[in-house]
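# Survey of secondary and tertiary structure
What follows is the residue order along each chain.
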Amino acid sequence: MSATLITAAEGGFPGDLEGLNKALESLGWAPAGSTAPPYCRQWESGGITLFLSMGEGQWLADFVFREVAPEDLEERGSEALEDAAAGQILYFRSLRDELLSGIARRIETVQWDDLSFDDLNFVEWSEWRLAGRPFCLGVSVFDTDMPVFVMGRAVLSAAGSG
């Protein structure tokens with residue numbers, strides 16, 4: 001995971017999907033979706049799922065570290081989601097500190113006050129610039145019919161670059 005973020009921050013990912021697939025495989029990620037390389041958009045490594053998407057002319061990676069679906073969601077609705085999200089805050093903070101300490105030894109990290117990706121619906125989050133590229137990590141609640149996610153998003157490369 002740290003190697004993936006460092007590679008992204010250093011501009012080491014190509015801007016085409018086929019090149020991204022090769023680079024992710026070389027970093028130890030395995031295809032996890034129904035589509036095989038060179039056009040795979042879902043990957044897995046060490047219990048972490050990575051989803052590739054295109055946004056505003058750049059390749060994004062959404063990392064899902066944990067997914068929690070409350071058992072009492074039907075009875076309690078959004079209250080059950082809020083409780084589930086609150087239960088993930090300590091895990092998120094520990095993960096954030098661990099990731100940041102590993103990355104900060106290799107590249108410049110700057111704490112950022114604004115959230116670059118407001119579509120992630122974080123209840124608690126942190127964002128950094130890793131060698132100038134945004135990376136955010138947090139606890140996300142999208143909707144009452146979805147689980148709570150501990151997830152992050154990073155910009156991997158500009159489309160067509162590399």
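In what follows, the structure referred to is the one given above.
The following refers to the structure shown.

Cut-offs used in this document
- Residues numbered from 1 in each chain as written.
- Predicted model: local features only at pLDDT ≥ 70, side-chain atom pairs only at ≥ 80, totals over all residues.
- Heavy atoms only, no water.
- Helix = DSSP H or I, 4+ residues; strand = E, 2+ residues; numbered from the N terminus.
- Rg over C-alpha atoms; globule rule 2.2 N^0.38 Å.
- Salt bridge = Lys/Arg side-chain N within 4 Å of Asp/Glu carboxyl O.
- Buried < 20%, exposed > 50% of the residue type's maximum accessible area, 1.4 Å probe, protein only.
- Polar contact = N/O pair within 3.5 Å; in protein donor to acceptor, adjacent residues only side chain to side chain.
- Contact = heavy atoms within 4.5 Å.
- 1 Å grid on protein atoms, 1.4 Å probe; cavity = no way out; pocket = protein on both sides within 12 Å on 5 of 7 lines; lining within 4 Å.
- Points joined across faces, edges and corners; volume = space filled by probe spheres on them.
- Nonpolar A, V, L, I, M, F, W, Y, C, P; charged D, E, K, R; others polar.
- Core = buried A, V, L, I, M, F, W, Y, C linked by side-chain atoms within 4.5 Å.
- Pairing = 2+ DSSP bridges.

Right, let's talk about the overall build of the chain for a bit. Helix and strand counts for the chain come out as five helices and eight strands. Its helices and strands taken in sequence order, the chain reads α-α-β-β-β-β-α-α-α-β-β-β-β from the N to the C terminus. Relative to the compact-globule value of 15 Å for 162 residues, the chain shows a C-alpha radius of gyration of 16 Å, a close match. C-alpha extents for the chain along the principal axes are approximately 50 × 35 × 30 Å.

The full count for this structure, using the stated rule, is nine salt bridges. With its nearest N and O atoms 2.5 Å apart, the salt bridge here joins Arg153 to Asp62. You can see Arg153 sitting in strand S8 (residues 148–158) and its partner Asp62 sitting in strand S4 (residues 58–68), a full 91 residues away along the chain. Pair check on accessibility: Arg153 and Asp62 agree, each one buried. As a salt-bridge pair, Asp97 and Arg96 come within 3.1 Å of each other at their nearest N and O atoms.

By the element assignment, Thr4 lies in helix H1 (residues 2–9). Side-chain polar atoms of Thr4 contact the side chain of Trp29, separated by 2.8 Å. For Thr4, the contacting residues outside a window of four places in its chain are Phe13, Leu24, Leu27, Trp29 and Phe63.

To find leftover empty space, a probe the size of one water molecule is rolled over the atoms. Per the counting criterion, the structure on display carries one cavity of 30 Å³ or more. If you go around the largest cavity, the residues you meet are Leu5, Ala8, Ala9, Leu130, Arg133, Pro134, Phe135, Ala154 and Val155. Contributions of two or more residues to the lining of the largest cavity are made by H1, strand S7 (133–141) and S8. Each residue belonging to the lining of the largest cavity can be placed in one class, and the counts come to eight nonpolar, no polar and one charged.

Right, let's get into the environment of Phe13. Along the chain, Phe13 falls in the loop between H1 and helix H2 (17–26). By relative accessible area, Phe13 is classed as buried at 3%. Sequence separation between Phe13 and Glu79 is 66 residues, and the spatial gap between their C-alpha atoms is 41 Å.

Among the nonpolar cores identified, the biggest contains 37 residues, and Leu52, Phe63 and Phe135 are the most heavily contacted of them. Here this core gets five residues from one element, more than from any other, and that element is helix H5 (residues 89–104). Not counting chain neighbours up to four residues away, the residues in contact with Leu52 comprise Leu17, Asn21, Leu24, Cys40, Arg41, Trp43, Trp59, Leu60, Ala61 and Leu156.

Before going further, it helps to spend a moment on the pairing of strand S6 (residues 122–130). Each regular strand carries side chains that alternate between the two faces of the sheet. S6 sits mainly inside the fold: seven of its nine residues count as buried. Relative to S6, strand S5 (residues 109–112) is paired through four bridges, and the arrangement is antiparallel. The residue bridging Trp112 from the neighbouring strand is Glu127, located in S6. Linking S6 to S7, which pair antiparallel, is a turn of two residues; within it Ala131 sits at a positive phi near 50 degrees.

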